[in-house]
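Fold and geometry: a report
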Amino acid sequence: MGKLVLYGVEASPPVRACKMTLNALGLQYEYKLVNILAGDQLSKEFTLKNPQHTVPMLEDDGKCIWDSHAIMAYLVRKYGKDDSLYPKDYYKRAVVDQRLHFESGVVFQGCIRNIAAPIFYRNESEVPRYMIDGIFDMYDFLEAFLGNQDYLCGSTLTLADFSCISSVASLLGLAPIESKRYPKLSAWIARMEQLPDYQSNNGNGAQMLIDLFTAKIKKIV
């Protein structure tokens, strides 16, 4: 096995999803901090490896992959002892892929990045109410996805759970989840929080992003 290096920053949900995957697979890796607010990702060294200059980025024996969903799937395919996190069965994998695309387009881009970009890069301090409403719309979908299942794709943990919890846990400050309205989602979050090393791999970083939002956002309009 080659040397694994994960580049990222703790507040980033996609970085934390990769950390949870690495932990679940029992893989040892080096973690290199990339201060994206300071522009570390724009350095010549970094852009030569990743011209999209994003985090997370995984370096496996000199080969670089970016985008958390690509990284997570790669890790399971190459290093997983079984396919439980990313099933080979066509239908089961399609369900996982759907949830991953949902996280990418709706949860992360629609609910986190669209709020974070103006706040952190344009120094805005107000968030439109419709963006907060959109978070609750997203929660409604997750509640429906869970149904009577323990996890987002069935009775067992998959990459979809790692990906979605990394983002959902980061939104709890902006849009708290009430257990009466979202009993299944609340139970799922509690279940995810019981995973080994959850706090170090996701909880602490999620709180960092919550605190950053709290410090920067002055009003919901």
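The rules we used
- Along every chain, residues carry numbers that run from 1 in the direction the sequence is written.
- Since the coordinates come from a predicted model, pLDDT governs what is reported: local features require at least 70, and pairs of side-chain atoms require 80 or more to be given and counted, while whole-chain, interface and lining totals use all residues.
- As a convention, hydrogens and water are excluded, and side-chain values are obtained from all of the structure's heavy atoms.
- UniProt positions are given in the numbering used here, feature names are shortened, and annotations may be inferred rather than shown by experiment.
- Pairing of aromatic rings covers Phe, Tyr and Trp, the last through its six-membered ring, and needs centres within 6.5 Å; plane angles under 30 degrees mean stacked, over 60 mean edge-to-face, and all others mean tilted.
- Counting from the N terminus, the helices are DSSP H or I runs at least four residues long and the strands are E runs at least two residues long.
- Only protein chains enter the accessibility calculation, which uses a 1.4 Å probe; a residue is then buried when its area is under 20% of its type maximum, exposed when over 50%, and partly exposed in between.
- Criterion used throughout: strands pair if DSSP finds at least two bridges between them.
- Fitted lines through C-alpha atoms give the axes, limited to the stretch in contact for helices. The angle between two N-to-C directions lies from 0 to 180 degrees.
- Put simply, angles under 35 degrees are roughly parallel, angles over 145 are roughly antiparallel, angles from 65 to 115 are roughly perpendicular, and the rest are oblique.
- The contact criterion used throughout is that any non-hydrogen atoms of two residues lie within 4.5 Å.
- Under this grouping Gly is polar, as are all residues other than the nonpolar Ala, Val, Leu, Ile, Met, Phe, Trp, Tyr, Cys and Pro and the charged Asp, Glu, Lys and Arg.
- We define a salt bridge as a side-chain nitrogen of Lys or Arg found within 4 Å of a carboxyl oxygen belonging to Asp or Glu.
- Where a domain begins and ends is set by an automatic assignment or by a domain database.
- Put simply, buried area is how much 1.4 Å-probe accessible surface two parts lose in total, over both of them, once they are put together.
- Two N or O atoms count as a polar contact when they lie within 3.5 Å, although within protein this holds only if one can serve as hydrogen donor and the other as acceptor, and sequence-adjacent residues are included solely when both atoms are side-chain atoms.

- If you look the protein chain up in an unreviewed UniProt entry, it shows as Glutathione S-transferase 1 from Drosophila navojoa.
- The Subunit (unreviewed entry) comment attached to the protein chain in UniProt states, word for word, "Homodimer."

**Quick notes on the packing of aromatic side chains**
- Taken as a whole and assessed by the stated rule, the structure comprises seven aromatic pairs.
- Ring geometry for Phe 102 versus Phe 145: centroids 5.1 Å apart, planes at 75°, classification edge-to-face. Taken together, the residues Phe 102 in helix H4 (residues 90-121) and Phe 145 in helix H5 (residues 129-146) connect sequence positions 43 residues apart. With respect to burial, Phe 102 and Phe 145 carry one shared label: buried.

**A word on the pairing of strand S2 (residues 30-33)**
- One ladder, built from four bridges, connects strand S1 (residues 4-8) with S2; its direction is parallel. Directly across from Leu 6, in S2, lies its bridge partner Tyr 31.

**Some words on the packing of H4 against helix H6 (residues 159-168)**
- The contact between H4 and H6 brings their axes to 9 Å, and the two run at 10°. In terms of orientation, H4 and H6 fall into the roughly parallel class. Contact residues: H4 offers Val 96, Arg 99, Leu 100, Glu 103, Val 107, Phe 108 and Ile 112, while H6 offers Leu 159, Ala 160, Ser 163, Cys 164, Ser 167 and Val 168.
- When the residues that make up the contact of H4 with H6 are grouped by side-chain class, the tally is nine nonpolar, two polar and two charged.

**Considering the pattern of salt bridges**
- Under the counting rule described, the total for this entry stands at seven salt bridges.
- Residue Glu 59 is joined to Lys 49 by a salt bridge in which the shortest nitrogen-to-oxygen separation is 3.1 Å. Highlighted residues: Glu 59 in strand S3 (residues 57-60) and Lys 49 in helix H2 (residues 44-49), separated in sequence by 10 residues.
- Among the residues examined, Glu 59 registers a relative accessible area of 13% and is labelled buried.
- For Lys 49, a relative accessible area of 24% puts it in the partly exposed group.

**Considerations on unusual backbone geometry**
- A cis geometry characterises the amide bond from Val 55 onward to Pro 56, with omega recorded as 5°.
- Of note, the phi angle at His 53 is positive, near 40°, even though the residue is not glycine.
- For His 53, a relative accessible area of 34% corresponds to the partly exposed category.

**Description of the domain arrangement of the protein chain**
- Its domain assignment divides the protein chain into domain 1 (4-79) and domain 2 (90-220).
- For domain 1 versus domain 2, the separation of C-alpha centres amounts to 20 Å.
- At the interface, 19 residues of domain 1 touch 26 residues of domain 2.
- Across the domain 1/domain 2 interface, buried area totals approximately 1,800 Å², and carbon plus sulfur atoms make up 66% of it.
- Among the residues domain 1 hides against domain 2, the three largest losses belong to Arg 16, Met 20 and His 69. Together they make up 34% of the total.
- For the pair domain 1 and domain 2, the interface holds zero salt bridges.
- Where domain 1 meets domain 2, there are eight residue pairs in polar contact (both at pLDDT 80 or more).
- Listing elements by their share of the side of domain 1 that touches domain 2, those giving two or more residues are helix H1 (13-24) and helix H3 (68-79).
- With nine residues, the single largest contributor to the side of domain 1 that touches domain 2 is H1.
- When grouped by side-chain class, the residues that make up the side of domain 1 that touches domain 2 number 12 nonpolar, three polar and four charged.

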